[in-house]
Amino acid sequence: MFDQIALYLTQATASDFFAGGLVLGCLGLFLRSAQLGLLAAQRLLARRCIARLTVDNRSHAYRQIYAWLENSRVLAHVRQVRVTDLRDGRGPRFGPEPGTHWFRLGGVICRFERAISDRRQVGQGQSSRMEETLTLSILGGGLATIHQWLDQGAHLLANAEAKGPEVYVLDDGYWESLGHVSGRPLASVITEDDRLDLLASDLRHFLASEDWYLQRGVPWRRGYLLYGPPGTGKSSAIRALASELRLAVASIDLGRPGLTDDGLVRAFNQAPQRALITLEDVDALFRQREVGAKAAGISFSGLLNAIDGVGAQEGRALIMTTNHIERLDPALIRPGRADLHVELGRVGAVAAGRLFARFFPNDPQMAESFVRRLGAARFTPAELQGWLLANAHDPAQAAQAEGLLQRALLAAA
Ligand SMILES: Nc1ncnc2c1ncn2[C@@H]1O[C@H](COP(=O)(O)OP(=O)(O)OP(=O)(O)O)[C@@H](O)[C@H]1O
């Protein structure tokens, strides 16, 4: 038996064809083993020497790492960029193009991969986005470096939030963040009494009262109406309230072409978390309710339905503003839709004196003389601010209030 096998092998190896095949087979085996060995070594190296972070745009860590990327010099080295936001009024914002980017930072080599899914979405409805994954790999660095970057990102976000409220606008069916605007103290919005403080504490109480509403079976929603002539601080009050209560501002332009009743309902339901939804100048669109009346793509009943229809978001605070409360349909501003109406009007000398003191904190006597000069005249805070700005370098001239009073006389004539 063995003799037969040996004979067979001797005859076979004598054949060039068989010998060549054997050599090729051994070479293939060797190459495959080498390849597997290399892969194993690569995996071992990766496990031991590469720290990696993968985040997707559902997580808060994604925002942290993106904030860190934007702030670090990494993006300056990326050659393939994509404009991610053209609508924040501060010029285009660049982000790295999907794909792989290499960079060196603090002596370590890093790889940054950005992948945007063309099928999977995160979020729902208006706030949905394509799923996006960021993977950061550090060659020769440890997880400590990644933690450090995340901490730095968290710090940057916290600073941005401390700076002021984040503003969202409804744009083509999506809530688009315009970034953070500078904050405004509530006290910087001048009124004749403490009505804005009362509004702020009402809102604060509302936000903290989910259980109270739940137990009583009352929808956890609250609406506010700010009304008064132009330049009395309605928009300023919204920004100040959002700053004070650390809320975002989600603004809906009801006249925006393309906005429909259904789109408005979805926008209300999908508004960003902890945001004040604002509808400014509501009188401009619907002066009187008419059956079937439409403004742009929105009907009056569509607006009412979005504000408090079935499925309207819980925990929602809405602020509407108008220059002409008398033109508004009572249905729009009844309790349940606008629970608290706050007038912001012209102010008299005492409130004007407070504004003066904000401009010229070192001149209390000038402020007193300004108050005396104004007497019983009344002004919109925007008029007062205009006057004080025009005389910002001359408090004595500002306190004389001559031009201001003349204008008031002309307006009254
Ligand atoms: N009550 C106020 N206290 C301090 N500043 C004010 C006040 N009202 C208005 N101003 C100043 O006047 C300018 C216009 O204010 P704002 O846009 O808030 O008024 P508005 O009532 O919303 O006006 P409009 O109805 O025309 O939109 C801002 O620069 C703001 O700082």
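An unreviewed UniProt entry lists the protein under the name AAA family ATPase, from Neogemmobacter tilapiae. What the UniProt record of the protein gives under Sequence similarities (unreviewed entry) is the line "Belongs to the AAA ATPase family. BCS1 subfamily." Under the UniProt heading Catalytic activity (unreviewed entry), the entry covering the protein gives this text: "ATP + H2O = ADP + phosphate + H(+)".

Before going further, it helps to examine the site of the ligand. Ile190, Lys234, Ser235, Ser236 and Gln385 are the nearest of the 16 residues found near the ligand. Ser236 places a side-chain nitrogen or oxygen 2.5 Å from an oxygen atom of the ligand. For the ligand, an oxygen atom lies 2.9 Å from a polar atom in the side chain of Asn323. For the ligand, whose free accessible area comes to 620 Å², the fraction covered by protein is 78%. Within the shell around the ligand, the residues separate by chemical class into six nonpolar, eight polar and two charged. Of the residues that make up the shell around the ligand, three or more belong to each of domain 2 (180-343) and domain 3 (349-412).

Another point: the nonpolar core. Counting 31 residues, the largest nonpolar core has Ile252, Leu264, Phe268, Leu279, Met320 and Leu332 as the members making the most contacts within it. Contributing elements (two or more residues each) for this core: strand 7 (166-171), strand 9 (221-227), strand 10 (248-252), helix 9 (261-269), strand 11 (275-279), helix 10 (300-308) and strand 14 (316-322). Sorting elements by how many residues they give to this core places helix 10 first, with five residues. Each residue touching Ile252, except ones within four places of it in the same chain, is listed here: Leu170, Trp175, Leu259, Leu264, Ala267, Phe268, Ile277, Thr278 and Leu279. Membership of the second largest hydrophobic core comes to 26 residues, among which are Leu186, Tyr224, Val249 and Ile319.

What counts, and at which threshold
Residues numbered from 1 in each chain as written. Predicted model: local features only at pLDDT ≥ 70, side-chain atom pairs only at ≥ 80, totals over all residues. Heavy atoms only, no water. UniProt positions renumbered as here; feature names shortened; annotations may be inferred. Near = heavy atom within 4 Å. Polar contact = N/O pair within 3.5 Å; in protein donor to acceptor, adjacent residues only side chain to side chain. Areas by Shrake-Rupley, 256 points an atom, 1.4 Å probe, with all protein chains shown as cover. Nonpolar A, V, L, I, M, F, W, Y, C, P; charged D, E, K, R; others polar. Domains from an automatic or database assignment. Core = buried A, V, L, I, M, F, W, Y, C linked by side-chain atoms within 4.5 Å. Buried < 20%, exposed > 50% of the residue type's maximum accessible area, 1.4 Å probe, protein only. Helix = DSSP H or I, 4+ residues; strand = E, 2+ residues; numbered from the N terminus. Contact = heavy atoms within 4.5 Å.

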